[in-house]
Amino acid sequence: MICEYVCRLLNMMARRGYAQCRPRLDGRALETEAYIDFSSGYVRRALAELPKQGKRRPWKVYQNYLKDLLLMRFGRLNDGVMEFK
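Attention here is on the structure that accompanies the text. Bear in mind the structure is a predicted one, so any value in this text is a computation, not a measurement.

**Quick look at the packing of helix H1 (residues 2-16) against helix H3 (residues 65-74)**
Right, on to step 1. Contact pair H1 / H3: the axes reach a minimum separation of 8 Å and the direction vectors enclose 20°. Judged by the angle between their axes, H1 and H3 are roughly parallel. Both H1 and H3 take part in a crossing whose hand is left-handed. Facing Ile-2, Glu-4, Tyr-5 and Arg-8 of H1, the residues of H3 in contact are Leu-71, Met-72, Arg-73 and Phe-74.

Structure below.
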């Protein structure tokens with residue numbers, strides 16, 4: 001799934017003459033939440049050390065194959081967050 005997305009991205013960049021891209025976080029503060037939603041004590045104690053995710057796309061990881069498949073295969077590449085040069 002990731003390979004398909006990267007190929008889509010690279011093909012689009014080649015068609016439009018872009019040499020690089022990167023996700024850009026705009027000036028608004030990004031609300032974060034824990035990357036995993038477990039209530040185990042060992043996870044709760046380590047939450048400050050674990051990766052974070054945003055509360056909205058594209059910074060949110062759904063951990064749902066069908067949602068991820070639709071977003072990766074058919075989602076917009078130039079979504080207002082990805083910056084191309």
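**Things to note about the pattern of salt bridges**
Right, on to step 1. For the structure shown, the criterion picks out five salt bridges.
Right, on to step 2. A salt bridge links Glu-31 to Lys-55; the shortest N-O distance between them is 3.9 Å. Residue Glu-31 is located in the loop between strand S1 (21-23) and strand S2 (32-34), and its partner Lys-55 is located in the loop between strand S3 (52-54) and H3; the two are separated by 24 residues in the primary sequence.
Right, on to step 3. The exposure class of Glu-31 is exposed, given its relative accessible area of 55%.
Right, on to step 4. Note on Lys-55: relative accessible area 45%, which makes it partly exposed.

What counts as what
- Residues numbered from 1 in each chain as written.
- Predicted model: local features only at pLDDT ≥ 70, side-chain atom pairs only at ≥ 80, totals over all residues.
- Heavy atoms only, no water.
- Axes fitted to C-alpha atoms, helices over the stretch in contact; angles between N-to-C directions.
- Helix = DSSP H or I, 4+ residues; strand = E, 2+ residues; numbered from the N terminus.
- Parallel < 35°, antiparallel > 145°, perpendicular 65-115°, else oblique.
- Left-handed = near helix turned anticlockwise from the far one by under 90°.
- Contact = heavy atoms within 4.5 Å.
- Salt bridge = Lys/Arg side-chain N within 4 Å of Asp/Glu carboxyl O.
- Buried < 20%, exposed > 50% of the residue type's maximum accessible area, 1.4 Å probe, protein only.

Honestly, that's just the spatial picture; any functional story needs more than this.
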